[in-house]
Amino acid sequence: MQENYTVRAKKHLGQHFLTDLNIARKIAGAVSGGTPENPAAVLEVGCGMGVLTRFLLERDDLELYGAEIDKESIGYLREHFPEFAERLYCEDFLRMDLKRQFSRYEYVSIVGNFPYNISSQIFFKVIENRDLIPQVVGMVQKEVAQRIAEPPGSRQYGILSVLLQAWYDIEYLFTVNENVFNPPPKVKSAVIRLNRNDKTRLGCDEQLFVRVVKASFSQRRKMLRNSLRGVFGNFGGEEHRFFNDRAERLSVDDFVELTNWVESNSVNQP
């Protein structure tokens, strides 16, 4: 492979390759590690041409793995980072069985310049594997980062905000301009960090919690009375104190309270 060989960014994979080494270094530095004797397992999602990979590999307190589905990128990474080749999973992160593939580790953190077209799906997979994943450091579209990090009351606050904030403490680290990517995206990006909080249970039926949150935001301009009744029925005419609010005003704890009330009062529970 020639030294000037590059990987073509593929629109259908949502690829925008980071070219600024200082930003890659900052992202790598934002990941919590272990010790050289007991390095922390980290999975990089979407390694691309290894701009971030190189700085993660330099850290002796990390045991780095990768997930990449682009064949050109895989070839490039194997050529330029041969020491990494055996720890590179050539498969779709969204289809990986993380608990099986990282069974030798108690935890595995997630890092990456996430493909824009699947960034929300990546976070939903994180939620599903929250007891395995103590930290996520990811670059996403700025509006997605804001949506995840914003508190209740914000117009950006939504389903992903509530579901992630239920299990993680969120930090908006910094904004990234368009001109540090090839090809440049049409929007700004941002780097966020998620650290697992100490909750092991929410104090409600957690599957119902997800349904209540999704139903509440399904018609976010409407009061909760109307959004919830469309999914759960009229609750026998009973009213909750949040019924005159919109979903964006409720905190995680408020949604836990509302979920318990829905469980007790819904006439449409399966």
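Look above for the structure.
The rules behind these values
- Residues numbered from 1 in each chain as written.
- Predicted model: local features only at pLDDT ≥ 70, side-chain atom pairs only at ≥ 80, totals over all residues.
- Heavy atoms only, no water.
- Helix = DSSP H or I, 4+ residues; strand = E, 2+ residues; numbered from the N terminus.
- Buried < 20%, exposed > 50% of the residue type's maximum accessible area, 1.4 Å probe, protein only.
- Contact = heavy atoms within 4.5 Å.
- Areas by Shrake-Rupley, 256 points an atom, 1.4 Å probe, with all protein chains shown as cover.
- Salt bridge = Lys/Arg side-chain N within 4 Å of Asp/Glu carboxyl O.
- Pairing = 2+ DSSP bridges.
- Right-handed = clockwise from strand over helix to strand, strands pointing away.

In terms of helices and strands, the protein chain carries ten helices and nine strands. C-alpha extents for the protein chain along the principal axes are approximately 70 × 40 × 30 Å. In the protein chain, which comprises 270 residues, the share counted as buried stands at 51%. Taking the intrachain contacts of the protein chain between residues at least 6 apart in sequence as the baseline, contacts between residues at least 24 apart amount to 67%. For the protein chain, the accessible surface area stands at approximately 13400 Å², while carbon and sulfur atoms represent 44% of it.

On to the side chain of N129. Relative to the helices and strands, N129 is located in the loop between α5 (119–128) and β6 (135–141). Aside from chain neighbours lying at most four places away, what touches N129 is L98 and K99.

Attention now goes to the environment of G236. Looking at the element boundaries, G236 is found in the loop between α9 (224–232) and α10 (252–265). For G236, a relative accessible area of 58% translates into the label exposed. As a C-alpha pair, G236 and V267 span 31 residues in sequence and 7.0 Å in three-dimensional space.

As a further point, take the pattern of salt bridges. Should the charged atoms of two oppositely charged side chains come close, the side chains can pair. Counted by the stated rule, this structure contains 13 salt bridges. Between R225 and E239 there is a salt bridge, and its shortest N-O distance comes to 2.9 Å. With R225 in helix α9 and E239 in the loop between α9 and α10, this pair connects stretches of sequence that are 14 residues apart. A relative accessible area of 18% means that R225 is categorised as buried. Of the charged contacts in the structure, one is a salt bridge between R229 and E239, with a shortest N-O distance of 2.8 Å. Placement of the pair is R229 in helix α9 and E239 in the loop between α9 and α10, with a sequence separation of ten residues. By relative accessible area, E239 is classed as partly exposed at 39%. Three or more residues are tied together by salt bridges with common partners; here these are R225, R229 and E239.

For the rest of this paragraph, the subject is unusual backbone geometry. That bond from N182 to P183 is cis: its omega, -5°, falls within 30 degrees of zero. Residue position: P183 is located in the loop between β8 (181–182) and β9 (189–196). In this structure, F235 is a non-glycine residue whose phi angle is positive, near 60°. By secondary structure assignment, the location of F235 is in the loop between α9 and α10.

What follows concerns the pairing of strand β3 (residues 62–67). Walk down a regular strand and you will see the side chains alternate between the two sheet faces. Extensive coverage of β3 is indicated by the burial of five of its six residues. Where strand β2 (residues 40–45) meets β3, six bridges bridge the pair, whose relative direction is parallel. Across the sheet, residue A40 finds its bridge partner in β3, namely L62. One crossover worth recording links β3 to the parallel strand β4 (residues 88–89) by way of helix α3 (residues 71–80), and it is right-handed.

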